[in-house]
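# Coordinate analysis (summary)
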Amino acid sequence: MIQAIKIAMFNGHGNYSFTIEAPILYLELYDAFNEEGAFQFRQAMLAEYQQHPTLLINHAIVNLQDWQLGTPESQQQARKMFQSMAERGYQQVDYLVNGNIIGQFILAKLWQDIKVNVTFHASTADFLALFPHFDALITQHQCTQNKQRR
């Protein structure tokens, strides 16, 4: 007797939105990522990068306020993306922690030994106090995202 075997395919979990104003990538992470979601995110970012000349985007600002972490497998995907970012010429990544201390701890470990300057800021307000020229980029992105969610 032949028995049918069902293979479960997992849907990607985890959401993101981003804006690119070269040389800056502003990114917001939402929800929790599984391996498939992190892989899809990595592929989407790679496709976006390929639309820009190499070394044009070299600074990322990442808002962690609504990020709910991810599985260990998603962290492996993140590490691959970070290595790719270094290869693409990223020089700086600024994380806006906004209360996500566990996320900061995980990300600091994932960036270990990758030659990119990574800085964690306690809040968006703290970051903007140091770098007020990014206010328009962050505010515009957040306003656009709020309109799209309605």
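Because the structure is a prediction, the values reported are computed rather than measured.

### Notes on the overall build of the protein chain
- On a plain count of helices and strands, the protein chain comes out with five helices and five strands.
- The order of α-helices and β-strands along the protein chain, N terminus first, is β-β-α-β-α-β-α-β-α-α.
- Within the protein chain, the fraction of its 150 residues that count as buried is 42%.
- Residue pairs in contact within the protein chain that sit at least 24 positions apart in sequence constitute 76% of those at least 6 positions apart.
- Carbon together with sulfur atoms contributes 54% to the accessible area of the protein chain, which is approximately 9,100 Å² in total.

### Some remarks on the pairing of strand 4 (residues 92–96)
- The buried fraction of strand 4 amounts to five of the five residues, a majority that puts the element mostly inside the structure.
- Here five bridges tie strand 3 (residues 59–70) to strand 4, and the two strands are oriented parallel to one another. Residue Asn 63 lies in a different strand from strand 4, and its bridge partner there is Leu 96.
- Bridge analysis of strand 4 against strand 5 (residues 117–121) gives five bridges, and the strand direction is parallel. Bridge pairing links Tyr 95 to Phe 120 in strand 5.
- Regarding the hand of the β-α-β motif, the stretch spanning strand 4, helix 3 (residues 101–110) and strand 5 is right-handed.

### Re the packing of helix 1 (residues 35–49) against helix 2 (residues 72–87)
- In the contact formed by helix 1 and helix 2, the axes pass within 7 Å of each other and the chain directions differ by 15°. Between helix 1 and helix 2, the crossing angle belongs to the class labelled roughly parallel. When the axes of helix 1 and helix 2 are compared, the crossing they make is right-handed. Where helix 1 approaches helix 2, its residues Glu 35, Ala 38, Phe 39, Phe 41, Arg 42, Met 45 and Tyr 49 are matched on the opposing element by Glu 73, Ser 74, Gln 77, Lys 80, Met 81 and Met 85.
- Considering only residue class, the contact of helix 1 with helix 2 consists of seven nonpolar, two polar and four charged.

### Digging into the sheet that holds strand 5
- The mixed open sheet is built from five strands, whose spatial order is 1-2-3-4-5. Edge positions in the sheet fall to strand 1 (15–21) and strand 5, since each has one partner strand and no second. Strand-to-strand, the axes of this sheet are offset by a mean angle of 15°, without reference to chain direction.
- Relative to strand 2 (residues 24–33), strand 1 runs antiparallel, the two sharing seven bridges. Counted as the bridge partner of Ser 17 is Glu 28 from strand 2.
- On the sheet, helix 1 packs against strand 1 and strand 2 and is oriented at approximately 165° with respect to strand 2.
- Packed onto the sheet, helix 3 meets strand 3, strand 4 and strand 5 and runs at close to 120° relative to strand 3.

### Let's talk about the packing of aromatic side chains
- Across all of its chains, the model carries nine aromatic pairs by this definition.
- One aromatic cluster is present, built from ring pairs that chain together Tyr 16, Phe 18, Phe 33 and Phe 41.

### What about helix 2?
- Look at helix 2: 23 Å from first C-alpha to last across 16 residues, which is about the 22 Å you get at 1.5 Å a residue.
- Where helix 2 is concerned, the buried positions are Ser 74, Gln 77, Ala 78, Met 81, Phe 82 and Met 85. Seen end-on, helix 2 carries its buried residues on one side only, within an arc spanning 145°. Exposed residues on helix 2 whose side chains face more than 90 degrees from its buried face are Pro 72, Gln 76 and Glu 87.

### Focus on the nonpolar core
- The biggest cluster of nonpolar side chains holds 27 residues, and the ones touching the most others in it are Phe 82 and Met 85.
- Elements supplying a minimum of two residues to this core: strand 2, helix 1, strand 3, helix 2, strand 4 and helix 3.
- Residues Ile 24, Phe 127, Leu 137 and Ile 138 belong to the second largest nonpolar core, which totals nine residues.

Procedures and definitions
Residues numbered from 1 in each chain as written. Predicted model: local features only at pLDDT ≥ 70, side-chain atom pairs only at ≥ 80, totals over all residues. Heavy atoms only, no water. Helix = DSSP H or I, 4+ residues; strand = E, 2+ residues; numbered from the N terminus. Buried < 20%, exposed > 50% of the residue type's maximum accessible area, 1.4 Å probe, protein only. Contact = heavy atoms within 4.5 Å. Areas by Shrake-Rupley, 256 points an atom, 1.4 Å probe, with all protein chains shown as cover. Pairing = 2+ DSSP bridges. Right-handed = clockwise from strand over helix to strand, strands pointing away. Axes fitted to C-alpha atoms, helices over the stretch in contact; angles between N-to-C directions. Parallel < 35°, antiparallel > 145°, perpendicular 65-115°, else oblique. Left-handed = near helix turned anticlockwise from the far one by under 90°. Nonpolar A, V, L, I, M, F, W, Y, C, P; charged D, E, K, R; others polar. Phe/Tyr/Trp six-rings, centres within 6.5 Å; stacked < 30°, edge-to-face > 60°. Expected span 1.5 Å × (residues − 1). Arc of directions from axis to C-beta. Core = buried A, V, L, I, M, F, W, Y, C linked by side-chain atoms within 4.5 Å.

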